Amino acid sequence: MRIGELVRRTGVRERLLRYYEEQGLLHPVRRPSGYREYSEADVARVRNIRTLLSAGLGTATIAEVLPCMVDLGDGLAPACVDLLPELYRERDRITTAIDEMTATRKVLDGIIAATVPHADEVAEALARER
């Protein structure tokens, strides 16, 4: 199938499919005309890539783990035992990012909740700074 059909079947834009190819995630066959030719397996592969992206993995990590993933029909599972440490590292990275964003939100919540001084107090504060 050509790229337009893969777009239709996966809902992923052409630009992203080409990006996946650049990142080594997709390997379409090239026709003599230069057109990309995708297989039925590529439809499933794109869906698996999307699943891993939604799990917070970057394309470089996906390139490493995708060959060892098995589609169980209702989700992906690692087929290689040595893949688990990489997945745990990614989960820890995501947890750290969540913790940092939670702390950032708490600071912003404090700013939002702060009482706004009256206009005359603002004017007095500005006058003192000069």
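All values derive from a computational prediction rather than experimental measurement. (Residues numbered from 1 in each chain as written. Predicted model: local features only at pLDDT ≥ 70, side-chain atom pairs only at ≥ 80, totals over all residues. Heavy atoms only, no water.)

(A) Local environment of the UniProt feature "domain: HTH merR-type" (unreviewed entry) in the protein. Taken from the UniProt record, the annotation "domain: HTH merR-type" (unreviewed entry) applies to residues 1–68. Helix makes up 57% of residues 1–68 and strand 6%, and the two end C-alpha atoms of the span are 25 Å apart. (UniProt positions renumbered as here; feature names shortened; annotations may be inferred. Helix = DSSP H or I, 4+ residues; strand = E, 2+ residues; numbered from the N terminus.)

(B) Representation of the pattern of salt bridges within the structure. Counted under the stated rule, the structure contains eight salt bridges. Between Arg36 and Glu21 there is a salt bridge whose closest N-O contact spans 2.5 Å. In this pair, Arg36 is assigned in strand S2 (residues 36–37) and Glu21 in helix H2 (residues 14–22), connecting sequence segments 15 residues apart. Where Glu90 meets Arg93, a salt bridge forms, and the shortest distance between an N and an O atom there is 2.9 Å. (Salt bridge = Lys/Arg side-chain N within 4 Å of Asp/Glu carboxyl O.)

(C) Structural context of the nonpolar core. Core analysis: the biggest nonpolar cluster contains 20 residues, and Leu6, Leu17, Tyr20, Leu26, Ile49, Leu52 and Ile62 have the highest contact counts within it. Those elements that place two or more of their residues in this core are helix H1 (3–10), H2, helix H3 (40–54) and helix H4 (59–65). Per-element accounting of this core gives the leading share, four residues, to H3. If we ignore the near neighbours within four places in the chain, the residues touching Leu52 are Leu57, Ile62, Val65, Leu66, Met69 and Leu76. (Core = buried A, V, L, I, M, F, W, Y, C linked by side-chain atoms within 4.5 Å. Buried < 20%, exposed > 50% of the residue type's maximum accessible area, 1.4 Å probe, protein only. Contact = heavy atoms within 4.5 Å.)

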